[in-house]
Amino acid sequence: MADIKKIATRESYGNALAECANDFPQLVVLDADLAGATKTGVFKKACPERFIDCGIAECNMTGIAAGLATCGKIPFISSFAMFAAGRNFEQVRNSIGYPHLNVKIGATHAGITVGEDGATHQCNEDIALMRTIPGMTVIVPSDDVEAKAAVRAALEYEGPVYLRFGRAAVPVFNDEATYKFEIGKGVKLRDGKDVTIIATGICVDSALQAAEKLAADGIEADVINIHTIKPIDQDIILESAKKTGKVVTVEEHSVIGGLGSAVCDVLAENYPVKVKKIGMNDMFGESGPAAALVAKYGLDGEGVYKSVKEIL
Amino acid sequence: MTNLELQKKANEVRKGIVTAVYSAKAGHPGGSLSAADMFTYLYFEEMNIDPANPKKDDRDRFVLSKGHTAPGLYSALANRGYFPVEDLKTLRHLGSYLQGHPCMQETPGVDMSSGSLGQGISAAVGMAMAGKMDKKDYRVYTLLGDGEIQEGQVWEASMFAGAHNLDNLVVIVDNNGLQIDGKVEDVCSVYPIEDKFKAFNFNVVTIDAHNFDEIRAAMENAKTTKGMPTAIVMKSVKGKGVSYMENNAGWHGKAPNDDEYKIAMDDLAKIDEQLKEA
């Protein structure tokens, strides 16, 4: 296990933007004084004439992006998820969502893996906020390979997209050579008949670890990576739920309004089964090392394993 | 156009505003009427636009940041030929392409959806940035309410515009002095407006909003000013042209009833008569 490559998806984001610069001449990247942290600085270095630092004014950045989009640009706006989705919610809704402008929102430092900065900067509400906006696509990549593919897919897609990236380095488990990303299409990572584990973002790796431990106990888990929370892949969820009859969702986000809620929406309307949602239980985070927080709030492999055992 | 022709057009725009709001039984006549001369000047004299090709690439852009005065924008667009004047009567009706606040996907000639105060100016700044990046020479105009500039985002956008020397941007503030809760200086004073924009590296011009010579001069001043955006602070009369609406905050967001509509149209007909004799 020691030689597994670890990369933060924010790194993948910055690299992908730079890699896409030539293929998408309309791409313009905007940041709000966080280029070093969001990694849009990588794009800035490669393509300074198409990088705009808006200063610490996220709402204005969002409006500027809207204006740029009306003139044919494809703006990517970047900040921490707390500001990109939280502070900015109404600007995103009214200036981007309502006119369905071709603006991409690259939100980094999502969830509790922000770590030491603590609760003010740990956004566990962004998926919920963004998926309520009509026409907004919401993508949460799980690793470096998926994050880079998601950035390119977002650029190829016409319309607003919210992409959620993390601060902490996470294992790369997808194979770059064979991985195919399709917006709205879930990925089956493991086949099992006893229970379904649906995860998103950095929790996909936790789900895989939990499945490994469960297998040792003789429990076979279906593991599904839902990288696109909206539009969600109903078929892959229903097919698995019909097989296992039990679903566990895992996300680095509030259990209110995120992946778990989206999965419950699908199941409740089509094929109700028992669901356990793992995530932040209507609470704020706190300061601490990312790995310690992930463990404390039950989002690591061990935590997911225990939660799955409870539902069985 | 001569000033007299512009005055006649502006009076038609005012009739459209009053008729639209009357038909909708809701809407914002006061701030639409205070800016009617500016709407008229922009769409009939100033902007490089083509009603037959509303999305023409290198057109000048307009963002109605004070989006609640959509009746003013719609009436100017209709009178300019973007869509039939008769359709103004569908304002705010179910299924109408004339939404309560501007919607760029619904209405020909609307360059940006707006209405949530403070946001339109940022979009205008983005359009101006796009023009600079692409080395295009189109110009961008945005109209704000004087109450609207209480929104912090207005100053985020102004700071950015000034810092980036966006001389292709004109920010117009409709200083009619009234907002929903009363006088702007009583609610939360926005004054001095000019000094605030100057501090953000704007070229600032103060004019009478109902004087076409002054509007024309301000626009020329803006065009010849390089290296900084221009702010035009226009002193206006809220409800201008309709006797009982003038300088009355109560007509910010209220529609006239049958009797009031008749009086309003009579007032505007009298202005027509005066302009005929001029």
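On a predicted model such as this, the values are computed, not experimentally measured, just so you know.

## Digging into the overall build of chain B
In terms of helices and strands, chain B carries ten helices and seven strands. Here the C-alpha radius of gyration of chain B, 17 Å, is about what a compact globule of 278 residues would show, namely 19 Å. When its C-alpha atoms are laid out on the principal axes, chain B stretches across 50 × 45 × 40 Å. Within chain B, the fraction of its 278 residues that count as buried is 59%. Within chain B, contacts between residues separated by at least 24 positions form 74% of all contacts whose residues are at least 6 apart in sequence. The averaged location of the 39 negative side-chain charges in chain B is 2 Å from the averaged location of its 30 positive side-chain charges.

## Section: the interface of chain A and chain B
Across the boundary between the two partners, chain A contributes 26 residues, which contact 26 residues of chain B. For the pair chain A and chain B, the summed buried surface comes to about 1,900 Å²; carbon and sulfur atoms form 60% of the total. On the chain A side of the interface with chain B, the three residues burying the most area are Asn60(A), Cys71(A) and Tyr98(A), jointly 28% of the side's total. Between Lys73(A) and Asp134(B) there is a salt bridge, with its nearest N and O atoms 2.5 Å apart. Inspection of the region where chain A meets chain B yields eleven residue pairs in polar contact (both at pLDDT 80 or more). In terms of residue count, helix H4 (residues 58–70) of chain A provides more of the side of chain A that touches chain B than any other element does, nine residues in total. The residue makeup of the side of chain A that touches chain B, split by class, is twelve nonpolar, eight polar and six charged.

## Concerning the environment of Val42(A)
Residues and elements named next belong to chain A. By the element assignment, valine 42 lies in helix H3 (residues 41–46). The spacing of valine 42 and asparagine 15 is 27 residues in sequence and 6.3 Å in space, taken between C-alpha atoms. In contact with valine 42, other than residues within four places in its own chain, are Gly14, Asn15 and Ala18.

## Some thoughts on the sheet that holds strand S3 (residues 51–53) of chain A
All names here are of chain A. An order of S3-S2-S4-S5-S7-S6-S12 is seen for the seven strands of this open sheet, with the pairing classed as mixed. Among the strands making up the open sheet, the edge pair consists of S3 and strand S12 (228–230). In this sheet, adjacent strand axes meet at a mean angle of 20° when their direction is disregarded. Set on the sheet, helix H1 (residues 9–20) makes contact with strand S2 (27–31), strand S4 (74–80) and strand S5 (104–108); between it and S4 the angle comes to about 160°.

## What to know about the pattern of salt bridges
By the definition in use, this model includes 32 salt bridges over all chains. Of the charged contacts in the structure, one is a salt bridge between Glu116(A) and Arg167(A), with a shortest N-O distance of 3.8 Å. Of this pair, Glu116(A) sits in the loop between S5 and helix H7 (126–131) while Arg167(A) sits in the loop between strand S7 (161–164) and strand S8 (169–171), and the two are 51 residues apart along the sequence. Residue classification places Glu116(A) among the partly exposed positions, given a relative accessible area of 45%. Taking relative accessible area as the criterion, Arg167(A) reaches 32% and is therefore assigned partly exposed. In this structure, Asp167(B) and Lys132(B) form a salt bridge, with 2.5 Å as the shortest nitrogen-oxygen distance. Taken together, the residues span a long stretch of sequence, with Asp167(B) in the loop between helix H6 (152–163) and strand S3 (169–175) and Lys132(B) in helix H5 (residues 120–133) at a distance of 35 residues.

## Quick look at the domain arrangement of chain A
Residues and elements named next belong to chain A. Taken domain by domain, chain A comprises domain 1 (6–171) and domain 2 (187–307). When each unit is reduced to the centre of its C-alpha atoms, the spacing between domain 1 and domain 2 is 24 Å. Listed per partner, the contact involves 31 residues of domain 1 and 34 residues of domain 2. Buried surface at the junction of domain 1 and domain 2, both sides included, amounts to about 2,300 Å², of which 56% is carbon and sulfur. When residues of domain 1 are sorted by the area they lose upon contact with domain 2, Ile112, Asn124 and Arg131 head the list and together hold 28% of the total. Linking domain 1 to domain 2 there are one salt bridge. Between aspartate 265 and arginine 131 there is a salt bridge; the shortest N-O distance is 3.6 Å. If you look at where domain 1 meets domain 2, you find 18 residue pairs in polar contact (both at pLDDT 80 or more). Sorting the residues of the side of domain 1 that touches domain 2 by element identifies H7, strand S6 (137–139) and S8 as the ones contributing at least two each.

## Some words on the packing of helix H3 (residues 36–46) of chain B against helix H4 (residues 70–80) of chain B
Residue and element names in this part refer to chain B. Contact geometry for H3 and H4: axes closest at 9 Å, N-to-C directions at 35°. The hand of the H3/H4 crossing is right-handed. Two secondary-structure elements touch here, H3 through Phe39, Tyr43 and Phe44 and H4 through Gly72, Leu73, Ala76, Leu77, Asn79 and Arg80. Its residues assigned to classes, the contact of H3 with H4 shows six nonpolar, two polar and one charged.

Rules used in this analysis
Per chain, residues are indexed from 1 in the order of the written sequence. Here the convention is simple: chains get letters from A, ligands get numbers from 1, in the order in which they are written. Note on the predicted model: pLDDT of at least 70 is required for a residue's local features to be given, and 80 or more for side-chain atom pairs to be given and counted; whole-chain, interface and lining totals, by contrast, use all residues. Excluding hydrogens and water, the side-chain values take into account all heavy atoms of the structure. Only DSSP runs of H or I reaching four residues or more are called helices, and only runs of E reaching two or more are called strands; each is numbered from the N terminus. Each radius of gyration reported is based on C-alpha atoms, and the globular scaling rule is 2.2 Å times the count of residues to the power 0.38. Each residue's exposure class comes from its accessible area (1.4 Å probe, protein chains only) as a fraction of the maximum for that residue type: buried when under 20%, exposed when over 50%, partly exposed otherwise. Only heavy atoms enter the contact rule, under which two residues are in contact if any of them lie within 4.5 Å. Neither His nor the chain ends is counted toward charge; the positive residues are Lys and Arg and the negative residues Asp and Glu. For this purpose, a charge sits on NZ of Lys, CZ of Arg, CG of Asp or CD of Glu. When two parts are brought into contact, each loses some accessible area as probed by a 1.4 Å sphere; the total of that loss over both is the buried area. Put simply, a salt bridge is a Lys or Arg side-chain nitrogen that is within 4 Å of an Asp or Glu carboxyl oxygen. Counting of polar contacts relies on pairs of N or O atoms within 3.5 Å, with two restrictions inside protein: one atom must be capable of donating a hydrogen and the other of accepting it, and residues adjacent in sequence are counted only when both atoms are side-chain atoms. Note on residue classes: Ala, Val, Leu, Ile, Met, Phe, Trp, Tyr, Cys and Pro are nonpolar, Asp, Glu, Lys and Arg are charged, and everything else, Gly too, is polar. In this description, strands pair whenever DSSP reports at least two bridges between them. Here an angle of 0 to 180 degrees is reported between the N-to-C directions of two axes, which are lines fitted to C-alpha atoms, with helices fitted over the stretch in contact. The domain boundaries here were taken from an automatic or database domain assignment. Each crossing gets its handedness from the near helix: less than a right angle anticlockwise from the far helix is left-handed, clockwise is right-handed.

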